[in-house]
Amino acid sequence: MGKKQWKTVAVSVATLTLLSLLVFWVFRDHYQEILQNIRDVSVGPLLFLLGMGILYQLLEAAICMILVRRRLPVFSFSQAVEVVFLGVFGNVSTLSVGSVPMQSYYLQRCGLMAGRGIGTMTLEYVFHKSSVLLYTTAMLLLQGCWLSESGGRFTGYLWLGYGICAVIIVVLLLLCSWEKVQWLAAWLIDRLPHTEKWEGRKQLWKANLAALYIESRQLLCDRPCIFKVLGLNGLKLCCLYCIPFLAMRMLGLSGLSFWQVQMLTALMHLISNALPNVAGVGPVEFAFVLIFSHYMEYAQASSALILYRIATFFFPFILSVIVFLRVQKRVLSTGFRNIET
């Protein structure tokens, strides 16, 4: 293993250690009870939980493949899996800023123009956000009465959070599809400081906006692709929202039904997506404990959260390190002349 690979491993280990210490610090007052709850979980169910987390990533890869194949028909599912895990690695190891650049660089080496790669990955992000809103809305329409009855005054904050997140996602959709909103965004970018440092950023941001608009307008003409992506996103989210339910059953908690957990997790996911985060940490933990501790003891909600994050964050990140090292080795050995897996 070369110096660059060792550096990647060292950064990854340091990141995992730091995040683990952060989790311990947050739950330090209840760590003994949480640790005992997790120790009681059998290996078999835990492996199944990890499998559900990987299934979520594979469904994300299927969506990525569908979107990229519109421009690059030879793009394979295995390449899409690598793109997804490079996004996971970039999100954590670069504190969220390197995810899309890393993915777009990979796509460029696969044969997709840089602007189109950024536009496609941003479009996938917009589809994800839109699907989260649609899924949460459907859950609220079916179970909103139960939420109002069981949540009391707490429900008002959830509805407020839902409304704010809905507005943010609608604005994001308009940014993709309405030329006037694109113009307004470009105008706001031009109002930023007129310095040499900012000029480069402004040009890059406006170029990315233009690429996103072009990809969005062309995708709107491909309705079968839209329905496929929305359907897979719905399945992907259902899979993701099953994980807290399974974690609670593994811990012996049976107070909430499957569909109630689906709705509460959807609300948690929607609200956490609208909050700022660093390396994907913070909003999810806050929203999960805030919502589920209303229906169970704090230590129980925290134990379910840790199992959920192991399956959806820590384990996928470990796999993403392996994927990154594999791609990096291929880059160093071939110069990326051939990125076929």
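Residues numbered from 1 in each chain as written. Predicted model: local features only at pLDDT ≥ 70, side-chain atom pairs only at ≥ 80, totals over all residues. Heavy atoms only, no water.

### As for the overall build of the chain
Going by this rule: Only runs of H or I of at least four residues qualify as helices and only runs of E of at least two qualify as strands under DSSP, and these elements are numbered from the N terminus. Each residue is placed in one exposure class: buried if its accessible area under a 1.4 Å probe, protein chains only, is under 20% of its type's maximum, exposed if it is over 50%, and partly exposed if it falls in between. Working rule for contacts: check all heavy atoms of both residues, and any pair within 4.5 Å makes them a contact. For the area figures, the Shrake-Rupley method with a 1.4 Å probe applies, and any residue is considered shielded solely by the protein chains shown.
The secondary structure content of the chain amounts to 13 helices and zero strands. Counting every position in the chain, which comprises 341 residues, the buried fraction comes to 49%. A fraction of 73% describes how many contacts in the chain between residues 6 or more apart in sequence connect residues 24 or more apart. Of the accessible surface of the chain, which amounts to about 17,100 Å², a share of 67% is contributed by carbon and sulfur atoms.

### Some points on the confidence of the model for the chain
Note the following rule: A residue's pLDDT is the predictor's confidence in that residue, given on a scale from 0 to 100.
Mean pLDDT over the chain: 85, with 88% of residues reaching 70 or higher. When mean pLDDT is taken per element in the chain, helix H3 (residues 43–69) scores highest with 96 and helix H1 (residues 3–26) scores lowest with 65.

### Regarding the nonpolar core
Rule in force here: To form a nonpolar core, buried Ala, Val, Leu, Ile, Met, Phe, Trp, Tyr and Cys residues must be joined to one another through side-chain atoms within 4.5 Å.
Ranked by size, the top nonpolar core spans 52 residues in total, and within it Met248, Phe288, Phe292 and Tyr308 carry the most contacts. In terms of residue count, helix H10 (residues 223–250) provides more of this core than any other element does, 10 residues in total. The residues touching Phe288, leaving out its near neighbours within four places in the chain, are Pro244, Met248, Met268, Ser293, Ala301, Ala304, Leu305 and Tyr308. Residues Ala61, Met65, Val81 and Phe314 belong to the second largest nonpolar core, which totals 29 residues.

### Brief notes about the packing of H3 against H10
What counts, and what does not: Every axis in this analysis is a line fitted to C-alpha atoms, fitted for helices over the stretch in contact. Angles between the N-to-C directions lie between 0 and 180 degrees. By definition in this entry, angles of less than 35 degrees are roughly parallel, angles greater than 145 are roughly antiparallel, angles of 65 to 115 are roughly perpendicular, and the rest are oblique. Each crossing gets its hand from how the near helix is turned against the far one by less than a right angle, where anticlockwise is left-handed and clockwise is right-handed. For this scheme, ten residues count as nonpolar: Ala, Val, Leu, Ile, Met, Phe, Trp, Tyr, Cys and Pro. Four count as charged, namely Asp, Glu, Lys and Arg, and the remainder, Gly too, count as polar.
The geometry of H3 relative to H10 is characterised by a closest axis approach of 9 Å and an angle of 170° between their N-to-C directions. Put simply, H3 runs roughly antiparallel to H10. Handedness of the crossing formed by H3 with H10: left-handed. Split into classes, the residues belonging to the contact of H3 with H10 amount to 23 nonpolar, two polar and three charged.

### Looking at a nonpolar patch on the surface
Going by this rule: Each patch is assembled from residues with relative accessible area greater than 30% and no salt bridge, linking like charges that lie within 9 Å and nonpolar side chains (Val, Leu, Ile, Met, Phe, Trp, Tyr) that lie within 5 Å. A pairing counts as a salt bridge when a side-chain nitrogen of Lys or Arg comes within 4 Å of a carboxyl oxygen of Asp or Glu.
There is a patch of nonpolar side chains on the surface, built from Trp183, Leu184, Trp187 and Leu188 and spanning about 460 Å² of accessible area. With respect to the helices and strands, Leu184 occurs in helix H8 (residues 179–190).

### A short note on the pattern of salt bridges
This structure, assessed with the given rule, holds eight salt bridges. Taking the shortest distance from any N to any O, the salt bridge between Glu60 and Lys236 comes out at 2.5 Å. With a gap of 176 residues between them, Glu60 in helix H3 and Lys236 in helix H10 connect regions that are remote in the sequence. Residue classification places Lys236 among the buried residues on the basis of a relative accessible area of 0%. Notably, a salt bridge pairs Arg326 with Glu82, separated by 3.8 Å at the nearest N-O pair. Of the two residues, Arg326 is situated in helix H13 (residues 298–334) and Glu82 in helix H4 (residues 77–93); the sequence distance between them amounts to 244 residues. With a relative accessible area of 48%, Arg326 lands in the partly exposed category. Given the relative accessible area of 3%, Glu82 is considered buried.

### What about the packing of aromatic side chains?
Just so we agree on the cut-off: Aromatic rings from Phe, Tyr and Trp, with only the six-membered ring used for Trp, were paired whenever their centres fell within 6.5 Å, and each pair was classed as stacked if the ring planes differed by under 30 degrees, edge-to-face if by over 60, and tilted otherwise. Only Lys NZ and Arg CZ are tested; either one counts as a charge over a ring when it is within 6 Å of the ring centre and within 35 degrees of the ring normal.
Inspection of every chain in the model, using the stated rule, returns 11 aromatic pairs. Measuring from centroid to centroid gives 5.3 Å for Tyr135 and Tyr241, while their planes differ by 75°, and the two rings are edge-to-face. Here Tyr241 lies in helix H10 and Tyr135 lies in helix H6 (residues 114–151), a separation of 106 residues in the sequence. Accessibility classification places Tyr135 together with Tyr241 in one group, the buried group. Consider the rings of Phe288 and Phe292, whose centres lie 4.6 Å apart with planes at 35°: the pair is tilted. Of this pair, Phe288 and Phe292 both sit in helix H12 (residues 283–292), separated by four residues, roughly a single helical turn. Comparing Phe288 with Phe292 shows no difference in burial state: the two are buried. The ring of Trp198 has Arg201 sitting right over it, with the charged end atom 4.9 Å from the ring centre.

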